[in-house]
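Given next are the chains, with one letter for each unit.
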Amino acid sequence: MAIEDLDEHEQGERVRKWLGQNGGSIILGICVGIAGLAGWQYWQQAARERTQAAQVEYQALVDAEESKDAEAAAKAAATLRKDFSSTPYGVFAALSQSRDAVGKGDLAAAEEALQWARGIDVDLPALQELVTVRLAQVKLAQGQAQAVLDLLKDDTSAGFKGVVSELRGDALVVLGRIDDARAAYEDALAALDAGSPQRNFVEMKRDDLAAAVATAAPAPIAPAAPAAPQTPAEPTAAAADAAKANS
């Protein structure tokens, strides 16, 4: 028993000595861990509150658009872009602004809103693809066909493949690349659902390419008509008399 008690005593002394040497570090580590956990929880709570505030502001934008209150809608969209740019709702606001600008014929304002939205990283690939497609549509309306091809050069998800291929076909037509345009329209038809109403428009564009080629082809040059044979002129009376004198 004495030996066991001595062993327990020695072990206790060793533990107390170790705690004396390392206790400060342990306490500091615990405090840092608690502070980190508290900070993480605070950040999550702040993010939730920020998202909720963005949702409220976006609902105000939707309500203003439904009630045709252009001033309130513009104010809500500006607030979303300024104060909630790190959320998807800021991108939604830019999409709304671009749609309104297109409706007014202000393609420059539409392009500005979409270019801003493209610079926001919200980690939602589908949303970013939608922004790119809208920007390509605006660029096409501005007559910037090559810019459309540059925007749409990267692979897209299946959900956007049909509309992207159609846009590429439209841009290629503007550039006069008829064969490439036909291939792009075929890609669009392959990606679109059989019951999609957009198929009819794509098929019309594809079929109209034949007419475009015929219009662009130079008309054949008709062969020149053969010259009419010249009839000898009747001799004058003086020429006849001269001929008799010489005979």
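Let me sum up the structure you'll find in this document.

Conventions adopted
- Residues numbered from 1 in each chain as written.
- Predicted model: local features only at pLDDT ≥ 70, side-chain atom pairs only at ≥ 80, totals over all residues.
- Heavy atoms only, no water.
- Helix = DSSP H or I, 4+ residues; strand = E, 2+ residues; numbered from the N terminus.
- Expected span 1.5 Å × (residues − 1).
- Buried < 20%, exposed > 50% of the residue type's maximum accessible area, 1.4 Å probe, protein only.
- Arc of directions from axis to C-beta.
- Phe/Tyr/Trp six-rings, centres within 6.5 Å; stacked < 30°, edge-to-face > 60°.
- Axes fitted to C-alpha atoms, helices over the stretch in contact; angles between N-to-C directions.
- Parallel < 35°, antiparallel > 145°, perpendicular 65-115°, else oblique.
- Left-handed = near helix turned anticlockwise from the far one by under 90°.
- Contact = heavy atoms within 4.5 Å.
- Nonpolar A, V, L, I, M, F, W, Y, C, P; charged D, E, K, R; others polar.

**As for helix α4 (residues 107–118)**
No. 1: Counted at 1.5 Å a residue, the expected span for α4 with its twelve residues is 16 Å, and the 16 Å between its end C-alpha atoms agrees.
No. 2: Taken together, the buried positions of α4 are occupied by Ala110, Glu111, Ala113, Leu114 and Ala117. Within α4, the buried residues cover an arc of 165° as seen down the axis, which keeps them to one side.

**Examining the environment of Gly119**
No. 1: Residue position: Gly119 is located in the loop between α4 and α5 (125–141).
No. 2: The class for Gly119 is exposed, based on a relative accessible area of 62%.
No. 3: Sequence separation of Gly119 and Val91 is 28 residues, and the distance between their C-alpha atoms is 9.6 Å.

**Some thoughts on the packing of aromatic side chains**
No. 1: Applying the stated criterion across every chain, the model contains three aromatic pairs.
No. 2: Note on Tyr58 and Phe92: the rings are 5.6 Å apart at their centroids and 45° apart in plane angle, and the pair reads as tilted. One end of the pair, Tyr58, is in helix α1 (residues 2–66); the other, Phe92, is in helix α3 (residues 88–103), and 34 residues separate them in sequence.
No. 3: Classification of Tyr58 as partly exposed rests on a relative accessible area of 25%.
No. 4: Between Tyr89 and Phe92, the ring centres sit 5.9 Å apart and the planes meet at 80°, which makes this aromatic pair edge-to-face. Within this pair, Tyr89 and its partner Phe92 are both found in helix α3, separated by three residues, close to a single helical turn.
No. 5: Given a relative accessible area of 29%, Phe92 falls into the partly exposed group.
No. 6: Each residue in the set Tyr58, Tyr89 and Phe92 is aromatic and connected to the rest through ring pairs, giving one cluster.

**With respect to the packing of α4 against α5**
To describe two helices that pack against each other, one gives the angle between their axes and the distance between the axes.
No. 1: α5 packs onto α4 with a crossing angle of 155° between their chain directions and a minimal axis gap of 9 Å. In terms of orientation, α4 lies roughly antiparallel with respect to α5. Judged by the twist between their axes, the crossing of α4 over α5 is left-handed. Contacts between α4 and α5 involve Leu107, Ala110, Glu111, Leu114, Gln115, Ala117 and Arg118 from the former and Gln128, Val131, Thr132, Arg134, Leu135, Val138, Lys139 and Ala141 from the latter.
No. 2: Class assignment of the residues belonging to the contact of α4 with α5 gives a composition of eight nonpolar, three polar and four charged.

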